[in-house]
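# Commentary on secondary and tertiary structure
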Amino acid sequence: MQVKISDSIKYIGVDDKTIDLFESQYLVPNGISYNSYLIIDEKVAIMDTVDKRKTDEWLENFDRELNGRTPDYLVISHLEPDHASNIKVVSEKYPSMKLVGNAKTFSMLPQFFPDFDFADKTVTVKAEGTALHITMKEDAEVLDEVVIVGYGSQKKVNVTGAV
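A few points on the structure. Note that the coordinates shown come from a computational prediction; the quantities given were computed from them, not determined experimentally.

### Regarding the overall build of the protein chain
In terms of helices and strands, the protein chain carries four helices and 11 strands. Expressed as a percentage of its 163 residues, the buried residues of the protein chain come to 34%. Entry remark: accessible area of the protein chain is about 11,300 Å², with carbon and sulfur atoms responsible for 51%.

Shown next, in the form of structure tokens:
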């Protein structure tokens, strides 16, 4: 499925209509989507990979949208297999690509990929000391909604609802 979000943001995810249980417990009679995005600008960033069941289709989408460019970054939001199964595959395909995540991400990565040496490939985003400067340009004709996900921490005592 080709979905154009904007000229610089491409949906490269895939649908899986053959799965009947998500995380082996939730019924999904219509299947599920593994969301992954490619951001193409001065640098190229991949936002998550997909489940190993759909590696080939994801790589086809990915290669088509790259259009000969090489990704600079793979941003790892979390390590559940439906989002992270292809970290090693894409890292081996593009050895100069950096992995972007937090300290917890990189402490857990060897549990999922014990034979993968990623030591010189990481960019660790920290709560303090590392800044990512992200600029979003308005494009009201293409996008009518934008969702931005951020991560942080909060003491349990201060939380009274969903965060």
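### Focus: the side chain of Thr105
If you trace the backbone, Thr105 turns up in helix H4 (residues 103-112). Using a relative accessible area of 6% as the deciding quantity, one classes Thr105 as buried. Once residues within four sequence positions are removed from consideration, Thr105 is found in contact with Ile76 and Leu79.

### A closer look at the pairing of strand E7 (residues 37-40)
The alternating pattern of E7 places Leu38 and Ile40 on a buried face and Tyr37 and Ile39 on a face that is not buried. Sheet analysis places strand E2 (residues 9-11) next to E7, joined by three bridges and oriented antiparallel. Bridged to Tyr11 within E7 is Tyr37. Sheet analysis places E7 next to strand E8 (residues 44-47), joined by four bridges and oriented antiparallel. Note that in E8 the partner of Ile40 across the bridge is Val44. Between E7 and E8, which follow one another and run antiparallel, lie three residues.

### Observations concerning the sheet that holds strand E1 (residues 3-4)
Strand order in this open sheet of seven strands is E1-E2-E7-E8-E9-E10-E11, and the pairing throughout is mixed. Each of the sheet's edge strands pairs with one partner strand only, and the pair in question is E1 and strand E11 (122-124). Sheet topology places E8 next to strand E9 (residues 73-75); three bridges connect them, and they run parallel. When the bridges of E9 are listed, Ala45 appears paired with Tyr73. Lying on the sheet, helix H1 (residues 55-66) is in contact with E2, E7 and E8; it crosses E7 at an angle near 15°. The strands that H4 touches are strand E10 (98-101) and E11; relative to E10, the one it contacts most, it runs at about 120°.

Procedures and definitions
- Residues numbered from 1 in each chain as written.
- Predicted model: local features only at pLDDT ≥ 70, side-chain atom pairs only at ≥ 80, totals over all residues.
- Heavy atoms only, no water.
- Helix = DSSP H or I, 4+ residues; strand = E, 2+ residues; numbered from the N terminus.
- Buried < 20%, exposed > 50% of the residue type's maximum accessible area, 1.4 Å probe, protein only.
- Areas by Shrake-Rupley, 256 points an atom, 1.4 Å probe, with all protein chains shown as cover.
- Contact = heavy atoms within 4.5 Å.
- Pairing = 2+ DSSP bridges.
- Axes fitted to C-alpha atoms, helices over the stretch in contact; angles between N-to-C directions.

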